[in-house]
Each structure stands twice: as C-alpha cells, then as structure tokens.
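Each chain, letter by letter, is given below.
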Amino acid sequence: MSFVLPALWLSEGGRLISLTVPDLSIIVLYFAMVLGIGLYLRKFSSTSDDFFMAGRDMTAWVAGLSFLSANLGALELMGWAAAAYQYGILATHFYWIAAFPSMVFLGLVMMPFYYISKTHSVPGYLQLRYGESTRALSGISFAFMTVLMSGINMYAMALVMKVVLGWNIHFSIWVSSLTVAAYVTLGGLYSAIFNEVLQFFLIWLGALTIPILGLIEAGGWNGLVARIHERVQGDYTHLWGPLGSFSSNPMGVHWTGILFGLGGVIAFGYWTTDFLVVQRAMAAQDLRSAKMAPIIASYFKMIVPLIVILPGLLALAVLPFNLVPESAVGPGLHSYNEVLPLMLARYCGPGLLGLGVTALIAGFMSGMAGNVSAFATVWTYDIYRPYMNRRGTDKHYVRVGRWSTIVGVIASIGTAYLVTHFKSIMDYMQALVSFFIAPLFGTVILGMLWKRGTAKGGFWGLLTGTLASIGMYTAVVIHPAWLRYVALSTDAKPMAENLYRALWSWLICVFVTVGVSMFTTPKPAEELQGLVRAYTIIPSDGDLPLHKRPIFWGVGVAVLFAVLQIIFW
Amino acid sequence: MDESLKEIPVQHRHHRMLPVWFFIGVLLLIYGVIILLTSLRNFHQPATVVLANFHAGIWAGIVLILLGGLYTLKFWPRRRH
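Residues numbered from 1 in each chain as written. Chains lettered and ligands numbered in written order. Predicted model: local features only at pLDDT ≥ 70, side-chain atom pairs only at ≥ 80, totals over all residues.

(A) Looking closely at the overall build of chain A. Scanning chain A for helices and strands turns up 22 helices and zero strands. Its C-alpha atoms give chain A a radius of gyration of 23 Å, within 12% of the compact-globule value 25 Å for 569 residues. Put simply, chain A has 569 residues, and 61% of those count as buried. Contacts spanning at least 24 positions in sequence make up 84% of the contacts within chain A whose residues lie at least 6 apart. (Helix = DSSP H or I, 4+ residues; strand = E, 2+ residues; numbered from the N terminus. Rg over C-alpha atoms; globule rule 2.2 N^0.38 Å. Buried ≥ 20, exposed ≤ 12 C-beta atoms within 10 Å, placed from the backbone. Contact = placed C-beta atoms within 7 Å.)

Written out as structure tokens, the structure reads:
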C-alpha cells in the first residue's frame, strides 16, 4: 500500500538489465497503445461528467480493476518486494488486513453515500455534509499531496529506469510524464481508467513469471521455507506468530499496531477517503456496481502478494548473494530495492524481459495517471469552481480540467526535479501522507454515520487531528526518545511509529469532532438527506439473486482472508 | 444541498465505445506473437537465465496469444452488434 511504503530509491550505479530488440518493441508498443487509447477516447470526453467521472458509466469490473490498478504503482511493486526481502511475510499484512476489511467496508457502508449524494469528489462530499471550510481544508491538502506524490513517483521511476536499464533520468521523466499528460488530457478519467485496466493485465502477466519459476527453483513452498531458514535467522515465514513483542520481529512492530493502527485506521483512511482510488468506484454505472467495485478489487488485492511478496521471499531463498540496505551499496553490491529487477533478470529471457519491464513502466504510469486525474477533478470542482469562477459553463470546466491536468503534470515534474536535489523529501513524504489520511477518515465516517456531527465539529476535528499528527512526528524528530510515547515502546521502528501515530491522530479527530459537535448546532435534517445514514434511504439489494449481492462477495473475501491467516499464522 | 453540484447530466451514450477488453486483447495478442517468435528463434541457444530449459518464453507466448486472441475475437467491434 503506497501510504506506508518503505523508502525506495536506487543507487545510480551500472545497469542491471540489457534489453534486446523484441524487448524494446514491446515497450514501444505499450506507449503507442496508451496514447492511441487516449486519442480514441477524446471524442467521448466532451462534458464534465465524461471528463471527470467517465460518464458514470463504468461496469463493476472495469471500475474495480481500475480501483486496484490506481494503487498498484511500480513503487508499490518494487517497494514491497524489497520489504518482503527485509521483513519476510510480515509485509503481507499490508495486502491483507490493510486491504480487505476497509475495501469491503467502503463498498457496503460508505459507497452508497458517495454515490447517492452525486458528489464528484471526497472533498465535495465534505462540502455537502459539513460545509465550505472542511472542503477547502481537505481539497487543498489533497491537491498538494497528490502533486507531490506524483512527482516523487516520477522521480523514483526515472531512477529505477536508470539503474535497471541505464536510461537517462531526464529522458525517463519527460517521456513518461508527457505520455501520461497526453492521454489523460485527451480522454480524461475515461482514458485513465481504460489504461489502468490495461496496465493491470500487463503488471500481472509481466510479473507472474517470477513466482512460477521461483517456486520451481526453490522446490515449492516447503522448499522455499527450508531455504530461508537455512540462510537467515528469525521468523520470516509467519504472519502473526512473531508479533508478540516489538523486538521479536524484523519490522519492530507489535500486533496491536498492525491490527488497530494499520488495519483499523490507516487502511480505512486510505481505501475509503483517498479520492485517488474512490474516484474509480464513483465512476461506476449504478449503485450496485459502485458497491461491487472495491469488493472485486479486494479479491485481487488479496492475491497481489503472489507477484510482490513472494518474489521478495524467493530472493531470500535463491539469490546467491545478499542484498544490502541502500546506505551500504557499493561496487558489486545490490540494494533491497533492486530485488524485483534482479529476479526478472534471473528468470526472463528476451521478450519476457520486455514484458516484465513494461509491467514496471505500466505500474508507474497507472499510479501517476491516477494522481493526475484525481488532482484535475479536485482542483476543478473543489478549488477552482467554488473559489475562482462559480458561473462557468460545462465546456469551460472541461477546459479547466484539461489545463489542470497539464499543470498537475508540470508541477509533478517540478517536484521530481526538486527531489533530485533534496532526496530527503522522500523520507518525509510517507509521513506527510499519513498526516492527512487518518484524521480524514474520522471526519468522513462520523459525517456518514452520526447525524449530530456539525460543520464546526467536522472542521475542527479534521484540523486538530492533522495538526496532532504533524506534532507527534515533529516531536519524535526533535526528541527521538519520545518514540516510546507515540509507539508505546523504545524498540519500535519507523514503520510502527507511522501506525500508532495514525491511530492517535484518528482518535483525536474523532474526540474533537464529537466534542465540538455537542456544543454547536447541527444542520437540519432536510439538508442531510442522502448524506447521513439516519436520513438516507439506501436501496436494498434484497431483490437480487444471492450471487449478485455485494454482501455475498464481501463475505466471500472475508472467508478467503480468514483461511489465509490460518495457513500462514 | 448545493444544487449546482447536481446540474451535470449523467449520460449513457457510450454504448458505441470500443470496450477496454478489445484493446487489451489486441496488445496481448501482439505481445504473445513477439515473445513466442523470439523464444522459438532462441530455442537451441536460450538466454543465460535460470531454468532456461523450461523455455518460459514459449509457454508465456502461447498463453498471451490464447488470452489476447480470445479477448480480441470476443470484443471485436463487428461481433458486438
């Protein structure tokens, strides 16, 4: 999950992989196809509903695959493969407990409010539910974060291409960003979603060779476990067993942090309120499809560890050398972050290698396009229209959307170059993302489920939660010993600090929202229809056959989750 | 509720749009052909990768051709109406 990715950047040494003509043909064809899709979809993107919401016409499958693909960037792929090499199977928590409960919750509980209110964005929902000030705070912080995230992804991709393929950094930044700018500007969210579904297939097909051949080489799962036990000390192959204390696992985290901080707050915050992903479900053709989209995505999210975590574990078992931390990289040494390209180079010959590299590029571009299209929507609907020009025509807002896409890409490129000079920005980035996500979830969920929540309560809760998160982070930077208060242990590591900080900031947001709301006046009931559970009639799925009901598939993924926890406990 | 947010009509005029599955099918089909031909050409001198004797490229090429071909045919524009 990109919200708590381990830092990922690669040393600028020699290349890992040499591409042949068939490999390059596959990469060039990929670029031609995504641009062709953008050109083709331009004629369908004439109204603002088309450009920003893909006509609200996507099927559950298209919306669901796009929902997942927007999250499945190559930073995600490479970062978590590296994390699996470092932390073992513990990294899988970020795909299982940090995904299925929150994605199913979004589909079954929250999506009806987003969809029935006909809002265009999450900040737009906050405006309807609480008022302008909460929307402004949420919209501006989201736009800022999105552009920064997009730029950092872009820089990371360029660096990966340099290390893996020897490509020039400027070439990678400009070619990828101009391609994304072209197809999103042309076809809007239609184009972004179509390409995300395409990229989903490429990512899977390009990366699947590694686990298949890796398991053959390692002698199946049992052989893999045996080899890992021979080569490294510590428990790298159990999910919950080593989480009894902070010091008994390589991640330095306690099970309460994983269960409540990660699964309970960060995951819910990311999957249910980050407009980058929620926008895809909101583009569904009807309420049932909107509810099904995140549930369909949750099934695929559950099996993503096959192409991300398993390669990291396989590398632990079969690579004839040890990978090292980024800071220790020297001549002849490779860092954790190079694990996925190393495994690609280990198993893939000409042609397959091109497909694998295309999978990485597709991952980067889907993440970037997701950020840029979400930015364009929030900028146009939640910043430009309410505060700069309320009386524009529909065509005018489409034009603003196209221009804001270009501006978003340019700002991302600027961020990418900023990061090349100040690499420490990447250290802060994950923390910055967590500042906004956890409290935002508190604000949105109270807004949907508690009719007494007031405009002032929502605004002050969100602001206080965000400031509290920033305050805790700053306090630990200044006084590292205070980590014991934030993460409840001196043995905690940065990952654990992120999880507990999110939990506290969410709780603070909830307490302040409730406290302020009790002393201020709520909106009248008629203004809350379609926005709050108590005043909204949610269409029942009861008349649908069982296999078409979202709840049926939600229970199915819960069973799959339980079985996997037991197997890998 | 701010009525201006609800003004934009929801349109369902996109039934003539080529489905995304068609694009996916075409690309996978072409990729399958490239990977299969490349792997067949290198059959007797496979690349120096681990488990080269499994000829993963050939299997992957066949899978891509079958998957891509299926999607291309199923969602071919003229066959949709």
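Once you've had a look at it, read on.
(B) The overall build of chain B, seen in detail. Check the secondary structure of chain B and you find two helices and zero strands. Partitioning the intrachain contacts of chain B with sequence separation of at least 6 by distance along the chain shows that 76% fall at a separation of at least 24.

(C) Seen up close, the confidence of the model for chain A. For chain A, mean pLDDT is 87; residues scoring 70 or higher make up 95% of the total. Contacts from residues 1–13 of chain A, a stretch scored under 50 in pLDDT, to residues over four places away or in other chains number 51 contacts. (pLDDT = per-residue confidence, 0-100.)

(D) Fine view of the interface of chain B and chain A. Taken together, the contact pairs 34 residues of chain B with 40 residues of chain A. Of all elements in the fold, only helix H1 (20–41) and helix H2 (56–74) of chain B reach the threshold of two or more residues within the side of chain B that touches chain A. Broken down by element, the residue count for the side of chain B that touches chain A peaks at eleven residues, all from H1 of chain B. Its residues assigned to classes, the side of chain B that touches chain A shows 25 nonpolar, seven polar and two charged. (Nonpolar A, V, L, I, M, F, W, Y, C, P; charged D, E, K, R; others polar.)

(E) Highlighting helix H8 (residues 169–207) of chain A. In this model, H8 of chain A (39 residues) spans only 24 Å end to end at C-alpha, well below the 57 Å of a helix rising 1.5 Å per residue. Roughly 125° is the biggest bend found in H8 of chain A, and it falls at Gly188 of chain A. (Expected span 1.5 Å × (residues − 1). Bend = angle between axes of the 7 residues up to and from the residue.)

(F) Seen up close, the packing of helix H1 (residues 21–41) of chain A against H8 of chain A. All names here are of chain A. Contact pair H1 / H8: the axes reach a minimum separation of 8 Å and the direction vectors enclose 75°. Classified by the angle their axes make, H1 and H8 are roughly perpendicular. On H8, the residues that touch Phe31, Val34, Leu35, Ile37, Gly38, Leu39 and Leu41 of H1 are Thr179, Ala182, Tyr183, Leu186, Gly187, Tyr190, Ser191, Phe194 and Asn195. Tallied by class, residues from the contact of H1 with H8 come to eleven nonpolar, five polar and no charged. (Axes fitted to C-alpha atoms, helices over the stretch in contact; angles between N-to-C directions. Parallel < 35°, antiparallel > 145°, perpendicular 65-115°, else oblique.)

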